[in-house]
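Each chain, written out:
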Amino acid sequence: MKAIQRVAIIGCGGSGKTTVGRRLAASLGTTITHLDALYYDDEWNKLPQDKFAEIQEELVAADTWVIDGNYAGTLPIRLRRATHVVFLDLPGITCLWGIAQRRWRYRGGQHNDGVYDNINWGFIKYVWGYRKEMAPRVRALLNDHAGDAEVFIVRSRREANRLTAELERTVR
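So, here's what we can say about the structure. (Residues numbered from 1 in each chain as written. Predicted model: local features only at pLDDT ≥ 70, side-chain atom pairs only at ≥ 80, totals over all residues. Heavy atoms only, no water.)

## Topic: the sheet that holds strand E3 (residues 65-68)
Within the open sheet, the 5 strands sit side by side as E2-E3-E1-E4-E5. Their pairing is parallel. Looking at strand neighbours, the two that pair on one side only are strand E2 (32-34) and strand E5 (150-154), the edges of this open sheet. Between one strand axis and the next, the sheet turns by 15° as a mean value, whatever way the strands run. With 5 bridges connecting them, strand E1 (residues 6-11) and strand E4 (residues 84-88) associate as parallel partners. Bridge assignment links isoleucine 10 to a residue of E4, and that residue is phenylalanine 87. Across the sheet, helix H7 (residues 135-145) is in contact with E1, E4 and E5; its angle to E4 comes to roughly 170°. (Pairing = 2+ DSSP bridges. Helix = DSSP H or I, 4+ residues; strand = E, 2+ residues; numbered from the N terminus. Axes fitted to C-alpha atoms, helices over the stretch in contact; angles between N-to-C directions. Contact = heavy atoms within 4.5 Å.)

This is how it looks when you write it as structure tokens:
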């Protein structure tokens, strides 16, 4: 396994991106960047796409980083510089359970990572249909833009925990 320097973590809401990202960032001695916290303000207003892309270009220029977020429109920016990619391709029911747990833990509102809870019917439908609608697009982007990055496609929480532990060991 090549040296872990720059990790892009991709997946549906509730898939565990933040959990995996925090662990890997701690192992690397860096911070995790949550794209949701950059893209949305506290009232769920979106950052203009060009500014969002510009910020990501600056982030990925660093020698070491961990970035979590889906955002297929800007995913190639992260994939071009990533040494490792973790795609959390978990079942919809698992992701919805993760969202419910997060909602309970934070009681809505702002999470510790700066992300605000915004659960609505559209979001639930997105999560439920992610594997059918979004995952194929993500796989195509991985094929087209991941280059020499080591890509891990994870399909369960248990597999995510094993992979994260393995990656943590390679950093030490």
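## Digging into the packing of aromatic side chains
Applying the stated criterion across every chain, the model contains 5 aromatic pairs. Grouping aromatic residues by their ring pairs yields a cluster made of Tyr39, Tyr40, Phe52 and Tyr71. (Phe/Tyr/Trp six-rings, centres within 6.5 Å; stacked < 30°, edge-to-face > 60°.)

## Some points on the environment of leucine 88
By the element assignment, leucine 88 lies in strand E4. On the basis of relative accessible area, leucine 88 is assigned to the buried category, the value being 0%. In this structure, the C-alpha to C-alpha distance between leucine 88 and arginine 155, residues 67 residues apart in sequence, is 6.3 Å. Setting aside chain neighbours within four positions, we find leucine 88 in contact with Ile9, Ile10, Gly11, Cys12, Ser15, Gly16, Lys17, Val20, Val154 and Ala160. (Buried < 20%, exposed > 50% of the residue type's maximum accessible area, 1.4 Å probe, protein only.)

## Looking at helix H6 (residues 121-133)
Taking the largest bend as the criterion, H6 deviates by roughly 40°, centred on valine 127. Considered for burial, the residues of H6 that qualify are Val127, Gly129 and Tyr130. The distance from a side-chain oxygen at the start of H6 to the backbone nitrogen of glycine 122 is 3.1 Å, and the residue carrying that oxygen is asparagine 120. (Bend = angle between axes of the 7 residues up to and from the residue. Polar contact = N/O pair within 3.5 Å; in protein donor to acceptor, adjacent residues only side chain to side chain.)

The values reported here are purely geometric and, on their own, carry no functional implication.
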